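As a plain string of letters, each chain reads:
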Amino acid sequence: MQLPFFFEENIPVLGNLFLGEETSRHVMQVLRMHEGEQIMVTNGNGHVLKTTIIAGDKKKTEVAIVEKIHNDKPDHKVSIAISLIKNSNRFEWFLEKATEIGVSEIIPLLCKRTEKQQMKRSRMNTIMISAMLQSRQSWLPVLKEPVSFSDLIKSAEYAQSYIAHCADGEKKSINDFENNKSSKIILIGPEGDFTEEEISQALENNFIPVSLGETRLRTETAGLVAAVLLLNK
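Remember, predicted model here, so these are calculated numbers, not experimental data.

Conventions we followed
Residues numbered from 1 in each chain as written. Predicted model: local features only at pLDDT ≥ 70, side-chain atom pairs only at ≥ 80, totals over all residues. Heavy atoms only, no water. Helix = DSSP H or I, 4+ residues; strand = E, 2+ residues; numbered from the N terminus. Buried < 20%, exposed > 50% of the residue type's maximum accessible area, 1.4 Å probe, protein only. Contact = heavy atoms within 4.5 Å. Areas by Shrake-Rupley, 256 points an atom, 1.4 Å probe, with all protein chains shown as cover. Lys, Arg positive; Asp, Glu negative; His and termini not counted. Charge placed at Lys NZ, Arg CZ, Asp CG, Glu CD. Axes fitted to C-alpha atoms, helices over the stretch in contact; angles between N-to-C directions. Left-handed = near helix turned anticlockwise from the far one by under 90°. Nonpolar A, V, L, I, M, F, W, Y, C, P; charged D, E, K, R; others polar. Salt bridge = Lys/Arg side-chain N within 4 Å of Asp/Glu carboxyl O. Pairing = 2+ DSSP bridges. Core = buried A, V, L, I, M, F, W, Y, C linked by side-chain atoms within 4.5 Å. Phe/Tyr/Trp six-rings, centres within 6.5 Å; stacked < 30°, edge-to-face > 60°. Lys NZ or Arg CZ within 6 Å of the ring centre and 35° of its normal.

K.L.:
Would you mind showing me how to read the overall build of the protein here?
P.N.:
On a plain count of helices and strands, the protein comes out with six helices and 13 strands. The buried share of the protein, taken over its 233 residues, is 44%. Pairs at least 24 apart in sequence give 74% of the contacts found in the protein among residues at least 6 apart. Taken as a whole, the protein presents about 12500 Å² of accessible surface, with 45% of it coming from carbon and sulfur. For the protein, the distance from the average position of its 28 positive side-chain charges to the average position of its 31 negative side-chain charges is 4 Å.

See the structure below:
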């Protein structure tokens, strides 16, 4: 049976670990664990600790570190730059699923037709942490601050850069490109798609237009499909 898995941002180099209040409450009151039982803890940055409860407290449980494990960062970086959307629940669904499948970086994108300009970062971080723990991973995707479309395309430095749009024009399939583990980014537009000007700007900055299939997808669905395709390259 797998040990319960928790997140603690700050992991000590030496000595015991004191769990935060939320984790402590879950361990002691929800799971009703006792001293001598073990849990796993990650900081979302590759570090995983196997620990034993030595002093149970609903606000500040103390655990002794039994084993330290460091998982290397995945050798390929997949970044999804995706427009914020009006329905926050749908964007949060994307964050959850993208985290579960192992996306490296998520960049909220502000386009001409983006209807929502802000996000609740603390809530989104909580959703991503929960998804990381549920899928038992030790690397939390980087969630960037929202950035304008024009600023991103001018500053993006990736080995492979793609844009998925619905306008007419020649597009390639992601599967047509060479299979490698380099850094990749794909741009996913808002409900009304990118404007013609944005598409032209992306092409001028060496973004390659790609198709995600025969059907027209919602923003969050397109983001997830793109992530799956790029992660399997």
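K.L.:
Explain the packing of helix α2 (residues 88–101) against helix α3 (residues 121–134) here, please?
P.N.:
Working note: a packed helix pair is described by the angle between its axes plus the distance between those axes. Where α2 meets α3, the axes come as close as 8 Å, and the angle between the chain directions of the two elements is 35 degrees. The way α2 lies across α3 gives a crossing that is right-handed. Together, Phe91, Glu92, Leu95, Glu96, Thr99 and Glu100 of α2 and Arg123, Met124, Ile127, Met128, Ala131, Met132 and Gln134 of α3 make up the contact between the two elements. Among the residues forming the contact of α2 with α3, the class breakdown is seven nonpolar, two polar and four charged.

K.L.:
I tried to follow the pattern of salt bridges on my own but got confused; where do I start?
P.N.:
Once the charged atoms of two side chains with opposite charge are near each other, the side chains can pair. Following the criterion strictly, the structure yields eight salt bridges and no others. As a salt-bridge pair, arginine 121 and glutamate 145 come within 3.4 Å of each other at their nearest N and O atoms. In this pair, arginine 121 sits in helix α3 while glutamate 145 sits in the loop between β8 (142–143) and β9 (147–148), placing the two residues 24 residues apart along the sequence. What makes glutamate 145 exposed here is its relative accessible area of 51%. In this structure, a network of salt bridges that share partners links the residues Lys77, Glu105 and Lys144.

K.L.:
Would you mind showing me how to read the environment of isoleucine 208 here?
P.N.:
Residue placement: isoleucine 208 occurs in strand β13 (residues 208–211). Of the residues examined, isoleucine 208 reaches a relative accessible area of 29% and is grouped as partly exposed. The spacing of isoleucine 208 and valine 147 is 61 residues in sequence and 20 Å in space, taken between C-alpha atoms. Excluding residues that lie within four positions of it along the chain, isoleucine 208 makes contacts with Ser161, Tyr162, Ile163 and Phe177.

K.L.:
Honestly, the sheet that holds strand β2 (residues 17–18) in this entry has me stumped. Any pointers?
P.N.:
Spatially, β1-β3-β4-β5-β2 is the arrangement adopted by the five strands of the open sheet, whose pairing is mixed. The sheet is open, and its two borders are formed by β1 (5–7) and β2, each paired with just one other strand. The pairing of strand β3 (residues 38–42) with strand β4 (residues 47–55) spans five bridges and is antiparallel. Bridge pairing links valine 41 to leucine 49 in β4. The strands touched by helix α1 (residues 21–30) are β1, β3 and β4; relative to β1, the strand with the most contacts, the crossing angle is about 160 degrees.

K.L.:
Got a minute to help me understand the nonpolar core in this structure?
P.N.:
Nonpolar side chains tend to gather and get buried jointly when the protein is soluble and globular. Counting residues in each nonpolar core, the largest one holds 29 residues, and the members touching the most others are Ile80, Leu95, Ile106, Ile186, Ile188 and Leu212. Among the secondary structure elements, those contributing two or more residues to this core are β6 (78–83), α2, β7 (105–110), α3, β10 (160–164), β12 (184–188) and α6 (219–231). Excluding its chain neighbours within four sequence positions, the residues that come into contact with leucine 212 are Ala164, Ile174, Ile186, Ile188, Leu217, Ala222, Val225, Ala226 and Leu229.

K.L.:
Sorry, what's going on with the packing of aromatic side chains here?
P.N.:
Think of a pair of aromatic rings as described by two things: how far the centres are apart, and how the planes are tilted against each other in angle. Per the counting criterion, the structure on display carries two aromatic pairs. Ring centres of phenylalanine 91 and phenylalanine 94 lie 6.2 Å apart, and the angle between their planes is 50 degrees; on these two criteria the pair is classed as tilted. Here the residue phenylalanine 91 and the residue phenylalanine 94 both occupy positions in helix α2, the gap between them amounting to three residues, near one helical turn. Accessibility assignment for this pair places phenylalanine 91 and phenylalanine 94 in one class, buried. With a centroid separation of 5.4 Å and an interplanar angle of 50 degrees, the aromatic rings of phenylalanine 149 and phenylalanine 194 are classed as tilted. Taken together, the residues span a long stretch of sequence, with phenylalanine 149 in helix α4 (residues 149–155) and phenylalanine 194 in the loop between β12 and α5 (196–204) at a distance of 45 residues. As far as the burial class goes, phenylalanine 149 and phenylalanine 194 line up, both buried. Taking the ring centre of phenylalanine 18 as reference, the NZ or CZ of lysine 60 above it sits at 5.1 Å.

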